[in-house]
Each structure stands twice: as C-alpha cells, then as structure tokens.
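# Per-entry structural report
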There are 2 protein chains.
Amino acid sequence: MSFTSMWDALAPVGRQADGGYGRFAWSDADLTLREWFAGEAAARGLDLVDDGNGNLLAWRGDTTRDDALLVGSHLDSVPGGGAFDGPLGVVSSFAAIDDLDARGVELDRPLVVGAFADEEGARFGIACAGSRLMTGSLDAGQALGLRDRDGLTLAEVLRARGRRPEDVGPRPDLLGRIGTFVELHVEQGRALDLDDGAAVGVGSAIWPHGRYRFTFTGRADHAGTTPMDERQDPMLTYAMTVLAANKQARLLGARATFGRVEVDPNGTNAIPSQVRAWMDARAADEGVLEDLVARVTSQAADRAGRDGTAVETTAESVSAEVAFDAALAAELSTLLDDAPVLPTGAGHDAGVLARHGVPTAMLFVRNPTGVSHSPHEHADETDCLAGVDALSRTIEHLAGAR
Amino acid sequence: MSFTSMWDALAPVGRQADGGYGRFAWSDADLTLREWFAGEAAARGLDLVDDGNGNLLAWRGDTTRDDALLVGSHLDSVPGGGAFDGPLGVVSSFAAIDDLDARGVELDRPLVVGAFADEEGARFGIACAGSRLMTGSLDAGQALGLRDRDGLTLAEVLRARGRRPEDVGPRPDLLGRIGTFVELHVEQGRALDLDDGAAVGVGSAIWPHGRYRFTFTGRADHAGTTPMDERQDPMLTYAMTVLAANKQARLLGARATFGRVEVDPNGTNAIPSQVRAWMDARAADEGVLEDLVARVTSQAADRAGRDGTAVETTAESVSAEVAFDAALAAELSTLLDDAPVLPTGAGHDAGVLARHGVPTAMLFVRNPTGVSHSPHEHADETDCLAGVDALSRTIEHLAGAR
C-alpha cells in the first residue's frame, strides 16, 4: 500500500458532513481505525501488541530487546478535527517501512509502529490518556472513573467494547523495550511555512500547558421579569472572563482559549443558574503560564463579586514544559538537510514518553495555513511524502545496520 | 379535591433531582399532566375538548353560547423551572369552581377551565405555541416543521404520541364561544411584595418582547498552536455581545439576557468555528426595545470586525406590547379590595388571546423572592389560597347569576 492509498482508505472513517472528523476514543470510527491498523501491521508481518490501555504497538524484530525504535502517533481526533492531526504520523510510519524495504535497508534495532489511544482527550477530557496510562502518569482508577458527555465511565465503555478494564494500567515491561521514540506530526502552526520554507522540521520542546475548568454559579431567574439589578447572572461573569483571558494571553505572549462551555438550564428565557467553561492555556515557560492563570482567575473573581455570582477554578490537567532530547534533535536536523528546530504549543504522546525518560524526537510536516483541529487542516501531498522520506531516513540513521 | 391535595398530586410530575421541573410539550411528564387535567375535569362533570393543538378546554354549561368565561393557564415548564409558573393558574381554577360550588353560587355564563399547550416554548423554541396556533397567529405548517434539540419535528412528535398533525390549526369556532379570559399566574417579580404587600394583583400590560438568534462565525483552530493575533475566535465576539446587551439594557431601563448558547465544536483545545446564542429582550415600549436591539447588534458587528469574525442576527419572534382590557382591570382591582394593577415582562397565553381581541385580564399571586423559571420559584400557601379566593370572586362577579 502506498502512502496515498492508505490515506484514501482512512479518509471516510468518522468523516462528518462538513468534512471534519469525529474519531473519539472507542467510538465506531475508532474501532474501524484500529482494525485498519491491525490490517496494515499484518500486511507487513508485524506482531501486534495491545498494551491493555488501547495503545497499539506493531513490532518488527526481537521483542525482548531494550533498544527498539518506536515511530508513530495517534488515530483519534478532536470534535470536527482535521484528517492529519494524528493519522499522518501513523500512515507515514507504515509508508516509511515500505520505503526502507524497497531500498533494501537492513535494521539492527527492533522497529515498532505505535498508535496511542485517546490522544486528544475529546471524549473523557484528559489528553494523551493512552500514553499517560502506559507510563503510569495517569492513575488507572482515576481514568476508569472518567465520564463522557453521555455520563458513561471509561470502564463502562471499555466493557461495552468487549475489553477488560482491569487490564488498564502502567506497562513498564513494554516501555522498557523502547530505546527511542520519534513521532511525526502535522505542524499546527505556520512556523515552517513562514520562516524557512522547509517541508519538515524537528521539534525542540512542548510548551507548558493546562486545562482549567471554571464553574460560574449564579441564580436561575426569569429573563423577562427579573430587573437587571436583581440578577445573579453567571453568563456575565463568564463573558468577562473570556475577554480577560484573551487580553492577558496577548499581554504575556501566551495563549488562552475558551472553546467549550456548558450552560444550565440553557433556555432562551432563563437566566442561567450555572455556566461551566474550560480554559486551555499555554505559554513558553511555566512562570508565564502560572502568571496567566493567576491573572485570569483574579479578574474572574473580581467580576463575580460585582455580578453576585461565584466562580471556582479547577486545574484539570497541567503539563510542565517538555524539552525533547537536544542532542537527538540536533542530529536529526543535520541529517535532514538542516531542518529547522522549533517548539510547539500542542501536547503530544511524544511529550509523555519524553517526560518518562524515553529519548524522544518529533518531526513536523509543513502546514501551509497553520490551521489545525478544524476541517480546514491541510498539508500538501508533496510535503507529506517529504515527511515519509524524512522518517525513513531517520529510521535508517537510528536503527540501520552499521 | 382541595387546592392543597391537587398541588401535592402534581408535585412529583417531571420533578428533577435538584427540585426543578422538566415538563416539556409532549414529554411523558406533559402527558401525565394532561391525564391529571382530564381527571379533575371529569370529577367536576366538565366536558373536555381538545382543540387539536393540544389546548385542553373543560366546559361547564352551554357549549354553544358566545360568552363563556375562560379561566386557567398552562401546565408545561421551562428546563429546570419552578412548580408555580403555569400550574398555579390551572389548579386555582379547579379550586375556584369547588369554592363556588361550596358557596352555592349559580352561574349565568358558561365557564371553561383551560390548559394551553407548550406555553414556554422550551422544546420547539416558540412560546405560547398552543394559544398562537388556536388563534392562527402561528402558522400550522411552520409549527409542525419546528424541531426539538433531538432533531424531531413537532409533526413527528405528535404522531408518536398518537395525535393527528392535520388537526393542528386555528379554531375560530371555539374562540368564538369565549367572551372573556382571566389567567391567574404567579408573579415573576417582586412588585407585589415590595410595593404593596398585597397577595394578589391585576395585570395591566405585557411588555414588548423579542427573541433574537445571534450566529457568530469564526474559524476553527488549534487552541495551543494558533497565535493570538492569527485567530478568528467567535467566542470573543459572543462574550463582548453578552456584556454589551447587559449594559445597554441597564442604560435603557430594559431587560436583555443571553441564557442559551451552542458552540461548535465545543472542544477544550479547539477555537470554536461557530457560536450560536439567543438574546431575550424586553422593554416597556416598542421604541425602547428596537433601540436596545439596534445598539447590541451594532456593538456585536463592531467587535466582529475586530475579531475577524462574522455575526448574523435573526429575530426569531417579536411580540408587540399587549395592553389588557383597561376597564376590566379597573373593575377587578376594585372588586379585589383595590388590588394593585401592574405590568409584566413575561409573555402569557393571556397576551395572545388579548391580541386576538378576547377581553382579557390577569391575576398575579405574590412571589416573595421574585424568582421564577427556577427551582427556587415560590409562593406562600396562604397567598395561593388568596389567589383561589380572588379567582372565585372574579368568576362570581363576571359570570354569576344577576
């Protein structure tokens, strides 16, 4: 299977009417993608291992050694996401194996293609759930109790899919066999396009990143009969917090976004009793991230005082900065014709494995619009093929017979 | 059945864990309430007529005359609404009949107890749907095509409930038999409590009122990787519009509320592609209402220009001011020991019938907190019984044998 025919096979899976994708953990679309992965692994004679957390690892070579080279990414999407975020890395990995085979390259180290489960956290709210469970940085009991928007726990969903929740948890045995991880991913900004014109870049670091749930509580009232000065309207406090987050992120050179909101009772003629909203915040260093969150929280509290509402902030997940292996990044940049080395604001399974101590690198494929998490996410086919070539050369460099 | 025992019988129907009510048109709870209504009508020997729109009319006396006195209200609720908004008027009507019978009052005019369908519009988005259909001010074809949040049309819902969508439409024959309508309703503000201390007031007018849908369109993007100055985030435009609506309503002595919002894709790490929100706006006169909407719309458009987003505003429904029959209101105020006469910001079926030319009055029962459309909506039992007494005296005054 060529890169293009694999890509075309995946195109319809979980695609919505507007061209966006809904590929959530353990959905029908996700199961179809898992079957596709198993088929591609089998077609190349790879041994498929499911680690119990839903992470798929397709193995070539000695499965008992401790220096395997892992390549891959994830297959799930955000709601209404693009086709590239995740699948590009998995498809490119299989295509890179085909390229190595076509070139007759012999490998000294075991090679593994991986697809991590629920990277986006779109269903249960915790990003990189699969890799975090595997490394033990997410507690299995906590994860199994997470609920999706229909109120189902992860444990219930796994059981309904014929899986064993009791198999969820850390896998030091498998991680101990992995010597290096290289994740290829579509770039989620325009740095490559704007600065260098290179089709492929090498990752240096992932910005610190947090998800914060804001719960604004007021008092439900009739929208038509309650005088403006007798209201306790949490929508006002929310609205001001959205604008404060945007302003503070600009002032600090950071990023803050309110992209998800839930309103009770969400009726046209009812002042809400409660508004719950999630802030995604990222910054180049942890001090700035903390400062950003403190400023937004404090402005929200001030406004709540004036609105007669209450606001509570909970950090649902906070990830420290991840610096990828600097020597490895430099080595790959040199190998790939002086590819630019750049940080990213997005979290990745690569970050989870790097934090766990696995020497890790990322390859980014140019995104001409910078748009991601959107039906309009795009990468040119020539750039995708350049990514396959770069990954193939990287595998040969790191694992090829000397 | 006493007022209290009828009240207690209704209390569990559609009640949610937090004490609020979910009694939406044609839901299981709504059907239970309709059965209850039929039972109370039968127990008093009233002839029950369903007008095809779901409005229930229970008739005592000659059904062919044109001067029947209609009393009643509605049984449905907003999401998470209170127990009183609607049912108080229906229960009080049955209790008033019992009071008249106990006092041996003979009536000269036919008396009808009514429960109008889908007054709140909580399911299909159009308030007073039952009375509007009956009077012809809402087109049957338009109503039958309305969809609830699950995507079901009213026609589909009616058919699933064993009803005939082809029976939906105006009923001039029934309306022609009604000479006067008196709707008793819990007050949805604190005017009675604050100003007069009277348990019962008489309605003078309903403020002009509109529901406006704002559609804010931007561009979906990754929350972590898209620089702040490359975003087209419609949540920012929405947030500013919420604050503008609040401020302008205060400046104009009007009311404006954003209580319902829908976000696409509504993911924590995705800048939204679209935010849809509904503004409920009311003012003491139509000029002020128009001014309010114009100011908010213009500020939203200005902000959209700065955010790189687009905003579209659609008036989903706009109701002109309704002045109730002034002579009738004065007459009832005098009858009821100089009860205060007051306007309301809430729409009612009484307004729909008044606009249709039916001489109409409203009685309001004191609400000590002013809270409505909320689990905390409340009226004291002594005030509710004062309402029954006032309604009984009103019926005797308007329909009693001379």
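Here the structure is a predicted model, which means the values were calculated and not measured.

All names here are of chain A. As a packed pair, helix α1 (residues 3–10) and helix α2 (residues 28–43) sit with axes 11 Å apart at the nearest point and diverge in direction by 155°. Overall, the two elements α1 and α2 adopt an arrangement that is roughly antiparallel. Considering the relative orientation of α1 and α2, their crossing is right-handed. Contact residues: M6, A9 and L10 in α1; L33, W36 and E40 in α2. Grouping the amino acids of the contact of α1 with α2 by side-chain chemistry returns five nonpolar, no polar and one charged.

Side chains that are three or four residues apart share a direction in an α-helix, a result of its 3.6 residues per turn. Residue and element names in this part refer to chain B. Here helix α1 (residues 3–10) has its buried residues at F3, M6, W7 and L10. Each buried residue of α1 lies within a common arc of 100° when the element is viewed along its axis, so the set occupies one face. The inward-facing, buried residues of α1 contact α2 (28–43), α3 (87–102) and α13 (381–399).

What follows concerns the sheet that holds strand β9 (residues 255–264) of chain A. All names here are of chain A. What the four strands build is an open sheet, ordered β9-β11-β7-β12; its pairing is antiparallel. Each edge of the sheet is formed by a strand with only one pairing partner; in this case those strands are β9 and β12 (310–319). For this sheet, the mean angle separating the axes of adjacent strands, direction not counted, is 15°. Relative to strand β11 (residues 274–282), β9 runs antiparallel, the two sharing nine bridges. Considered in β11, the bridge of V261 is made with A277.

The operation relating chain A to chain B is a screw motion whose rotation component is 180°, with 0.1 Å of axial translation and a residual RMSD of 0.1 Å. Expressed as a symmetry operation, the mapping of one chain copy onto the other fits a two-fold axis. No C-alpha of chain A approaches the rotation axis more nearly than that of A239 of chain A, which lies at 2.1 Å.

Here we take up the environment of R402 of chain A. Residues and elements named next belong to chain A. Looking at the element boundaries, R402 is found in the segment after α13 (381–399). Judged by relative accessible area, R402 falls into the exposed class, the value being 80%. Those residues in contact with R402 that lie beyond four places of it in its chain are D108 and H397.

Mapped onto the secondary structure, L236 of chain B falls in helix α9 (residues 234–252). On a C-alpha basis, the gap between L236 of chain B and E35 of chain B in space is 47 Å, while along the polypeptide they are 201 residues apart.

Residue and element names in this part refer to chain A. The final tally for this structure, using the stated rule, is 18 aromatic pairs over all chains. Seen from their ring centres, F3 and W7 are 5.7 Å apart, and the 10° between their planes marks the pair as stacked. Note that F3 and W7 are positioned in helix α1 at a spacing of four residues, about one turn of the helix. Comparing F3 with W7, the two get one shared label, buried. Here the aromatic cluster, defined as three or more aromatic residues joined through ring pairs, consists of F214, F216, Y238 and F258. Directly above the ring of W278 sits R260, whose terminal nitrogen or CZ lies 4.0 Å from the centroid.

What follows covers the interface of chain A and chain B. Tallying the contact residues gives 61 residues for chain A and 61 residues for chain B. Carbon and sulfur atoms supply 56% of the area buried between chain A and chain B, which totals about 5,200 Å² over both sides. The tally of links from chain A across to chain B stands at two salt bridges. As a salt-bridge pair, R190 of chain A and E230 of chain B come within 3.6 Å of each other at their nearest N and O atoms. Along the contact surface separating chain A from chain B lie 19 residue pairs in polar contact (both at pLDDT 80 or more). At 10 residues, helix α9 (residues 234–252) of chain A tops the list of elements feeding residues into the side of chain A that touches chain B.

All names here are of chain A. Judged by side-chain charge, D285, E286, E290 and E321 come together as a negatively charged surface patch. Position of E321 among the secondary structure elements: in the loop between β12 and β13 (322–323). Judged by relative accessible area, which is 38%, E321 ranks as partly exposed.

Residue and element names in this part refer to chain A. Between α1 and helix α3 (residues 87–102), the shortest axis-to-axis distance is 9 Å and the interhelical angle comes to 145°. You can see that α1 and α3 cross each other, and the crossing is right-handed. Judged by residue contacts, F3, M6, W7 and L10 of α1 engage P87, L88, V91, S92, F94, A95 and D98 from α3. Of the residues belonging to the contact of α1 with α3, the class tally is nine nonpolar, one polar and one charged.

Turning our eyes to something else, we now look at the nonpolar core. Among the nonpolar cores identified, the biggest contains 58 residues, and Y238 and M279 of chain A together with Y238 and M279 of chain B are the most heavily contacted of them. Residue contacts for M279 of chain B: discarding those within four places in its chain leaves G210, R211, Y212, F214, A245, A256, T257, F258, V293 and V296 of chain B.

On to unusual backbone geometry, then. Residues D264 of chain A and P265 of chain A are joined by a peptide bond in cis, for which omega reads -5°. In this fold, P265 of chain A is placed in the loop between β9 and β10 (270–271). One non-glycine residue, N266 of chain A, adopts positive backbone phi at about 60°. Checked against the element boundaries, N266 of chain A lands in the loop between β9 and β10. Note on N266 of chain A: relative accessible area 12%, which makes it buried. For C128 of chain B, which is not glycine, the phi torsion reads 55° and is therefore positive. Positionally, C128 of chain B belongs in the loop between β4 (111–116) and α4 (129–135). C128 of chain B sits in the buried class, given a relative accessible area of 3%.

Cut-offs used in this document
- Residues numbered from 1 in each chain as written.
- Chains lettered and ligands numbered in written order.
- Predicted model: local features only at pLDDT ≥ 70, side-chain atom pairs only at ≥ 80, totals over all residues.
- Heavy atoms only, no water.
- Axes fitted to C-alpha atoms, helices over the stretch in contact; angles between N-to-C directions.
- Helix = DSSP H or I, 4+ residues; strand = E, 2+ residues; numbered from the N terminus.
- Parallel < 35°, antiparallel > 145°, perpendicular 65-115°, else oblique.
- Left-handed = near helix turned anticlockwise from the far one by under 90°.
- Contact = heavy atoms within 4.5 Å.
- Nonpolar A, V, L, I, M, F, W, Y, C, P; charged D, E, K, R; others polar.
- Buried < 20%, exposed > 50% of the residue type's maximum accessible area, 1.4 Å probe, protein only.
- Arc of directions from axis to C-beta.
- Pairing = 2+ DSSP bridges.
- Least-squares fit on C-alpha atoms with pLDDT ≥ 70 in both.
- Phe/Tyr/Trp six-rings, centres within 6.5 Å; stacked < 30°, edge-to-face > 60°.
- Lys NZ or Arg CZ within 6 Å of the ring centre and 35° of its normal.
- Buried area = accessible area lost by both parts, 1.4 Å probe.
- Salt bridge = Lys/Arg side-chain N within 4 Å of Asp/Glu carboxyl O.
- Polar contact = N/O pair within 3.5 Å; in protein donor to acceptor, adjacent residues only side chain to side chain.
- Patch = residues over 30% accessible without salt bridge, like charges linked within 9 Å, V, L, I, M, F, W, Y side chains within 5 Å.
- Areas by Shrake-Rupley, 256 points an atom, 1.4 Å probe, with all protein chains shown as cover.
- Lys, Arg positive; Asp, Glu negative; His and termini not counted.
- Charge placed at Lys NZ, Arg CZ, Asp CG, Glu CD.
- Core = buried A, V, L, I, M, F, W, Y, C linked by side-chain atoms within 4.5 Å.

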